[in-house]
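Coordinates in review
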Amino acid sequence: MALVGTTGTVVAAASIAALLSYFLFCSNYRSKSSSTKKKSKSRTGLVDAIGNTPLIRINSLSDVTGCEILGKAEFLNPGGSVKDRVAVKIIEEALGSGELARGGVVTEGSAGSTAISLATVAPAYGCKCHVVIPDDVAIEKSQTIEALGATVERVRPVSITHRDHYVNVARRRALRANEVASKQRKSKQTDAEDIGRINRYESEGGKQSSVFSSDCKGGFFADQFENLANFRAHYEGTGPEIWEQTGGNLDAFIAAAGTGGTVAGISRFLKEKDANIKCFLIDPPGSGLFNKVTRGVMYTKEEAEGHRLKNPFDTITEGIGINRLTQNFMMAELDGAFRGTDMEAVEMSRFLLKNDGLFLGSSSAMNCVGAVRVAQSIGPGHTIVTILCDSGMRHLSKFCNSQYLSDHGLTPTATGLEFLGL
């Protein structure tokens, strides 16, 4: 009996041990399963897919300079550029403040990328989009905006002081949409004469008027240059992501500026986290920001000689460079600035495509020129971050077009980085 009892006790103990082992297995399985689910959690809708872009090592530039040169791959956003973040922030803040209502029209004057981003995300908020764009930007940009369902109004480039500068026209369109909403007009033909011709230039058809239909819920001018939602998109989003992705181990940040929101938001956030991080501007030809940062005066040689160039600065890069201070740029915390050239940007874009498989747009290429300049300035052994704003896909007719470059004396010839002295 004792033997039986002992055996029963052993069997019972074994059964309990097996049972405990089973429960532990299930617990571990559920834990691993839960962990896996967290890692593979899907994003909710288009807007949730914006941001948290990877920070990638640009191998060729890192190996040559002896620095870790990292690029924030913003071209992987759903709308294809860093401006997706800005579009979301502007629309969400406008909806929150009541300045924009679902069913309303977001208007913007843009050289392309912000317009594409607004056209991409506006439908996710139940809004429409109307874009005023200079007629000298790459044609594929306006084609993309139209394909996204927004209306496009192309105008001749003029000074920002002119009433028919694309930004000023976009502001008037928002006011017009508000008038239509308040009067509840039944006709879909609104402001046809004004929209039809700007600066005696025929806009792309009369379909713009359909945006301001009688059921329009009003208009909101995004105002990317002066709206500080632009700055906040990067101060609250891009900057913290860079800090987290580098573990706070970075020595310098550099980017070009158009509206100034990107360089301002990121530089201010990083400086607040670590005042020793150096933040720089890279500026294209003719832009006045380089002189503002380095000399404290908004001044360009071209304007001093009485020349008024078309943009009003002469560069093939798009979306960067400006001859006025914006509210967004004034938020930047910068330690210095570098001047980049069109030829350097073109050569850099071809170098990165050949050596890293990175097909980048003009502003991204200019940023990488800046990253190398910083590396040369501070020496090997440092970590430098820049922004890869968009891909070359929206620059096919100009910056990535061999004939266009040849016509402007910008045919690339470099075999390495000799154009930067490396």
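A few points on the structure. (Residues numbered from 1 in each chain as written. Predicted model: local features only at pLDDT ≥ 70, side-chain atom pairs only at ≥ 80, totals over all residues. Heavy atoms only, no water.)

**A closer look at the pattern of salt bridges**
Counted only if it meets this: Note on definitions: salt bridges are taken to be side-chain nitrogens of Lys or Arg within 4 Å of carboxyl oxygens of Asp or Glu. Secondary structure elements are defined from DSSP: runs of H or I of at least 4 residues count as helices, runs of E of at least 2 residues count as strands, and each element is numbered from the N terminus. Exposure is judged per residue with a 1.4 Å probe applied to protein chains only, and the accessible area is read against the type maximum: over 50% gives exposed, under 20% gives buried, and values in between give partly exposed.
Taken as a whole, this structure holds 19 salt bridges when the rule is applied. Notably, a salt bridge pairs glutamate 93 with arginine 232, separated by 2.8 Å at the nearest N-O pair. Residue glutamate 93 is found in helix 4 (residues 83-97), and its partner arginine 232 is found in helix 9 (residues 229-246); the two are separated by 139 residues along the sequence. For glutamate 93, a relative accessible area of 27% translates into the label partly exposed. With its nearest N and O atoms 2.6 Å apart, the salt bridge here joins glutamate 179 to arginine 176. Highlighted residues: glutamate 179 and arginine 176, both in helix 7 (residues 166-183), separated by three residues, approximately one helical turn. The class of arginine 176 is buried, set by a relative accessible area of 16%. In this structure, a network of salt bridges that share partners links the residues Lys72, Glu74, Arg85 and Glu241.

**Description of the packing of helix 9 against helix 10 (residues 261-273)**
In plain terms, the rule: Under this scheme, a helix contributes an axis fitted over its contacting stretch, all axes are lines through C-alpha atoms, and angles between N-to-C directions fall in the 0 to 180 degree range. With respect to orientation, any angle under 35 degrees is reported as roughly parallel, any angle over 145 as roughly antiparallel, any angle of 65 to 115 as roughly perpendicular, and every other angle as oblique. By definition, turning the near helix anticlockwise from the far helix through less than a right angle yields a left-handed crossing, and turning it clockwise yields a right-handed one. It only takes one pair of heavy atoms within 4.5 Å for two residues to be counted as in contact. Each residue is assigned to one of three groups, with Ala, Val, Leu, Ile, Met, Phe, Trp, Tyr, Cys and Pro labelled nonpolar, Asp, Glu, Lys and Arg labelled charged, and all others, Gly among them, labelled polar.
The contact between helix 9 and helix 10 brings their axes to 7 Å, and the two run at 50°. Classed by the angle they form, the pair helix 9 and helix 10 counts as oblique. The crossing of helix 9 and helix 10 is right-handed. Side by side, helix 9 and helix 10 meet where Asn230, Phe231, His234, Tyr235, Thr238, Gly239, Pro240, Ile242 and Trp243 of the first sit next to Gly261, Thr262, Ala264, Gly265, Ile266, Arg268, Phe269, Leu270, Glu272 and Lys273 of the second. Along the lines of polarity and charge, the residues of the contact of helix 9 with helix 10 split into nine nonpolar, seven polar and three charged.

**Topic: the sheet that holds strand 4 (residues 128-134)**
Under the convention used in this document: Strand pairing is assigned whenever DSSP identifies at least 2 bridges connecting the two strands.
Taken in spatial order, the four strands line up as 5-4-3-8 in an open sheet, and their pairing is parallel. Sheet topology places strand 5 (151-155) and strand 8 (219-221) at the edges, where each strand pairs with a single neighbour. Going across the sheet, the axis of each strand differs from the next one's by a mean of 20°, ignoring polarity. The pairing of strand 3 (residues 105-109) with strand 4 spans five bridges and is parallel. Opposite glycine 109, over in strand 4, you have valine 132 as the bridge partner.

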